[in-house]
Amino acid sequence: MKNGNLRAAIGILAALCSIYVVSHFYRVSNGVIAPNLMRELGLSQEAMGTLTGAFFITFAATQIPVGIMLDRLGTRYTIPVMMTFAVIGSLIFAAASGMAGLTTGRMLMGLGCSCVYVGALAVASRWFQTRYFATVAGVLVAAGNAGNLLATQPLAEVVAWVGWRNTFIGMALVAAIGAMVVLLAVRDAPSGHPFHSRGSERFGSVLNGVVEVFRIEGMRPMLVLQFFGYANVMTILGLWGGPYLHDVYGLGLEARGSVMVVMGAGLIAGSLTFGPLDRIFNTRKGVVVVGGLFAAALLALLAVLSKPPLWVVMGLFSLVAFSNAYNIVGMAHARAIIPDRLIGRGMTVIALFTMAGVATLQIATGLLLGPFAGADGTVPESGYRTMYAVIAGTVLASITYYSRIRDAKPSQDGVVP
């Protein structure tokens with residue numbers, strides 16, 4: 001890549017990272033404030049699981065049309081248009097007085113954020129060579145995970161200061177600014193790239209492209225991997241981590257934020273560490289399998305340990321988040337087997353299964369924990385340990401299925417124009 005193109009690519013990546021921070025904040029913000037919402041608005045565990053999963057349901061449901069938009073309109077215009085819904089959703093969430101308003105707000109946030117990650121990956125695939133894709137994706141995810149950090153201790157402190165409603169009003173403004181930065185700074189591809197000379201497609205051809213993605217060799221195990229991989233950490237960080245610390249350890253809002261911040265830090269460290277590993281060891285499949293097995297083992301420890309010291313919980317939370325970065329290498333594996341002409345639709349099909357997995361696991365765990373809840377609404381440790389065991393089992397099963405597919409070694413990658 002020429003120096004001018006490299007500087008442009010880095011600037012574009014920085015702009016995309018900024019909006020990805022906002023997307024991640026919205027994803028996990030319920031994790032810390034869940035006990036507050038449940039107490040203030042009288043929400044049950046089942047309702048909280050559904051509410052939090054609403055973001056990911058909408059996110060997943062819109063992936064196919066988003067993929068078509070990205071392939072036809074490009075990331076530069078798609079993200080600002082879609083983020084308008086996130087701004088509106090954040091304001092509705094802030095004004096909500098019950099389940100209907102909260103859920104509507106979360107769904108609109110999910111709709112608005114649904115194009116950010118895949119849009120950024122589509123742009124990165126055109127500006128950076130395929131063999132560096134995992135590293136670039138790792139940088140993007142690490143930056144986005146700063147949003148996870150903001151949704152832990154900093155969120156707890158801001159909510160304690162101005163309340164959760166004013167916090168989401170402020171985030172609406174931040175989201176609007178981020179969308180404008182994307183519009184002004186992002187370019188979808190370098191000059192001379194085939195993206196600029198793409199022709200129009202008939203609707204039937206567009207849908208055939210989606211079907212073609214599902215027919216790619218190895219895609220089914222890849223989709224199962226993504227369905228359960230990201231869901232395990234989002235179910236803890238984005239939903240039940242806060243209630244677990246509240247119910248089992250009696251921690252208040254700011255104390256919960258202080259514990260959960262280590263999980264956000266683990267996600268960032270893992271993203272930066274796992275990103276280059278496929279090139280270092282010249283294997284994507286190997287990195288994914290080892291990382292996934294490690295994550296399953298850590299979740300199993302949370303299931304079998306009876307009220308471990310808080311520092312042990314913090315350590316396990318951090319390591320679960322760190323090891324979850326195997327999904328980044330899994331995404332790079334998927335990128336290596338998807339033709340460039342289908343990259344937008346291919347990445348959104350992957351994202352569809354990823355977010356559908358998060359929504360499914362969050363809702364399922366809410367239904368799982370509901371019967372454990374006592375008269376005061378708190379869940380005993382046995383309920384959470386059962387939940388950790390179920391999550392560990394889903395990760396192990398997905399890694400076992402994924403291990404059947406053929407590796408895509410970075411040394412065998414061609415050069416993306």
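Here, the structure is the one placed above.
Residues numbered from 1 in each chain as written. Predicted model: local features only at pLDDT ≥ 70, side-chain atom pairs only at ≥ 80, totals over all residues. Heavy atoms only, no water.

Asker: I'd love a proper account of the overall build of the protein chain, names of residues and values included.
Answerer: Scanning the protein chain from N- to C-terminus turns up 19 helices and zero strands. Split into buried and exposed, the 417 residues of the protein chain put 58% on the buried side. Accessible surface computed for the protein chain: about 15100 Å², of which carbon and sulfur atoms make up 67%. Side chains of the protein chain give 27 positive and 16 negative charges; the mean places of these two sets differ by 9 Å. (Helix = DSSP H or I, 4+ residues; strand = E, 2+ residues; numbered from the N terminus. Buried < 20%, exposed > 50% of the residue type's maximum accessible area, 1.4 Å probe, protein only. Areas by Shrake-Rupley, 256 points an atom, 1.4 Å probe, with all protein chains shown as cover. Lys, Arg positive; Asp, Glu negative; His and termini not counted. Charge placed at Lys NZ, Arg CZ, Asp CG, Glu CD.)

Asker: Can you lay out the packing of aromatic side chains for me, pointing to particular residues and giving the numbers?
Answerer: The geometry of two aromatic rings is summed up by the distance between their centres and the angle between their planes. Scanning the entire structure with this criterion turns up 15 aromatic pairs. Between the aromatic rings of phenylalanine 55 and phenylalanine 56, the centroid separation amounts to 5.0 Å while the plane-to-plane angle is 65°, which identifies the pairing as edge-to-face. Phenylalanine 55 gets classed as buried once you look at its relative accessible area, which sits at 0%. Taking the centre distance of 4.6 Å and the plane angle of 45° together, the rings of phenylalanine 93 and phenylalanine 168 count as tilted. Within this pair, whereas phenylalanine 93 is found in helix 5 (residues 75-95), its partner phenylalanine 168 is found in helix 10 (residues 164-185), the two being separated by 75 residues in sequence. Against the face of tyrosine 249 rests lysine 307, its NZ or CZ located 5.7 Å from the ring centre. (Phe/Tyr/Trp six-rings, centres within 6.5 Å; stacked < 30°, edge-to-face > 60°. Lys NZ or Arg CZ within 6 Å of the ring centre and 35° of its normal.)

Asker: Could you give me a rundown of helix 13 (residues 253-274), with the residues and numbers involved?
Answerer: For helix 13, which comprises 22 residues, the first-to-last C-alpha distance of 32 Å matches the rise-based estimate of 32 Å (1.5 Å per residue) to within 8%. Residue valine 259 marks the point of greatest curvature in helix 13, where the axis turns by about 25°. (Expected span 1.5 Å × (residues − 1). Bend = angle between axes of the 7 residues up to and from the residue.)

Asker: Please provide a residue-by-residue account of the packing of helix 9 (residues 153-162) against helix 10, values included.
Answerer: Running from amino to carboxyl end, helix 9 crosses helix 10 at an angle of 115°, the nearest separation of the two axes being 7 Å. Here Leu155, Val158, Val159 and Val162 of helix 9 come into contact with helix 10, specifically with Trp164, Asn166 and Thr167. Class assignment of the residues belonging to the contact of helix 9 with helix 10 gives a composition of five nonpolar, two polar and no charged. (Axes fitted to C-alpha atoms, helices over the stretch in contact; angles between N-to-C directions. Contact = heavy atoms within 4.5 Å. Nonpolar A, V, L, I, M, F, W, Y, C, P; charged D, E, K, R; others polar.)

Asker: A description of the side chain of serine 29 should follow, citing residues and the corresponding values.
Answerer: Tracing the backbone through its elements, the reader meets serine 29 in the loop between helix 1 (3-28) and helix 2 (30-41). Polar contacts involving the side chain of serine 29 include one to the main-chain carbonyl oxygen of tyrosine 26, which spans 3.4 Å. (Polar contact = N/O pair within 3.5 Å; in protein donor to acceptor, adjacent residues only side chain to side chain.)

Asker: So what's going on with the pattern of salt bridges? Residues and values would help.
Answerer: Under the counting rule described, the total for this entry stands at four salt bridges. Where arginine 406 meets glutamate 217, a salt bridge forms, and the shortest distance between an N and an O atom there is 3.1 Å. You can see arginine 406 sitting in the segment after helix 19 (381-402) and its partner glutamate 217 sitting in the loop between helix 11 (203-214) and helix 12 (219-249), a full 189 residues away along the chain. Comparing arginine 406 with glutamate 217 shows no difference in burial state: the two are exposed. Notably, a salt bridge pairs aspartate 278 with arginine 284, separated by 3.2 Å at the nearest N-O pair. A relative accessible area of 0% means that aspartate 278 is categorised as buried. For arginine 284, a relative accessible area of 0% corresponds to the buried category. (Salt bridge = Lys/Arg side-chain N within 4 Å of Asp/Glu carboxyl O.)

Asker: Describe in detail the nonpolar core, supporting the description with residues and values.
Answerer: Core analysis: the biggest nonpolar cluster contains 140 residues, and Tyr26 and Met83 have the highest contact counts within it. When sequence neighbours within four positions are dropped, the list of residues in contact with methionine 83 reads Ile19, Val22, Gly112, Cys113, Val116, Ala175 and Ala179. (Core = buried A, V, L, I, M, F, W, Y, C linked by side-chain atoms within 4.5 Å.)

Asker: How would you sum up empty space enclosed by the protein? Please name residues and give values.
Answerer: Going through the model one piece at a time under the given rule, you end up with two cavities of 30 Å³ or more. What lines the largest cavity is a set of 18 residues, among which Tyr117, Val141, Tyr230, Asn327 and Ile328 lie closest to the centre. When grouped by side-chain class, the residues that make up the lining of the largest cavity number ten nonpolar, seven polar and one charged. Roughly 40 Å³ of internal volume is contained in the second largest cavity. As for the second largest cavity, its lining consists of Ala9, Ile12, Leu13, Leu16, Ala120, Val123, Ala124, Trp127 and Phe128. Residue assignment for the lining of the second largest cavity shows that the elements contributing at least two residues are helix 1 and helix 7 (116-127). Grouping the amino acids of the lining of the second largest cavity by side-chain chemistry returns nine nonpolar, no polar and no charged. (1 Å grid on protein atoms, 1.4 Å probe; cavity = no way out; pocket = protein on both sides within 12 Å on 5 of 7 lines; lining within 4 Å. Points joined across faces, edges and corners; volume = space filled by probe spheres on them.)

Asker: Quick rundown of a nonpolar patch on the surface? Include the residues and the values.
Answerer: A surface patch of nonpolar side chains, amounting to about 320 Å² of accessible area, comprises Val158, Trp161 and Val162. Examined against the element boundaries, valine 162 turns out to sit in helix 9. (Patch = residues over 30% accessible without salt bridge, like charges linked within 9 Å, V, L, I, M, F, W, Y side chains within 5 Å.)

Asker: Can you tell me about the packing of helix 5 against helix 10, naming the residues and giving the values?
Answerer: The interhelical angle for the contact between helix 5 and helix 10, taken along N-to-C directions, is 170°, at an axis separation of 8 Å. The orientation of helix 5 relative to helix 10 falls into the category roughly antiparallel. For the pair helix 5 and helix 10, contact is made by Thr75, Arg76, Tyr77, Ile79, Pro80, Met83, Val87, Ser90, Leu91, Phe93, Ala94 and Ala95 and by Trp164, Arg165, Phe168, Ile169, Met171, Ala172, Ala175, Ala176, Ala179, Val182 and Leu183, respectively. Taken together, the residues that form the contact of helix 5 with helix 10 break down as 19 nonpolar, two polar and two charged. (Parallel < 35°, antiparallel > 145°, perpendicular 65-115°, else oblique.)

Asker: Outline the side chain of threonine 235, supporting the account with residue identities and numerical values.
Answerer: Mapping threonine 235 onto the fold places it in helix 12. On the basis of relative accessible area, threonine 235 is assigned to the buried category, the value being 0%. Reaching out from threonine 235, the side chain makes a polar contact with the backbone oxygen of alanine 231 at a distance of 2.7 Å. Discounting chain neighbours no more than four positions away, the residues touching threonine 235 are Trp240, Gly241, Leu361, Gln362, Thr365 and Ile391.

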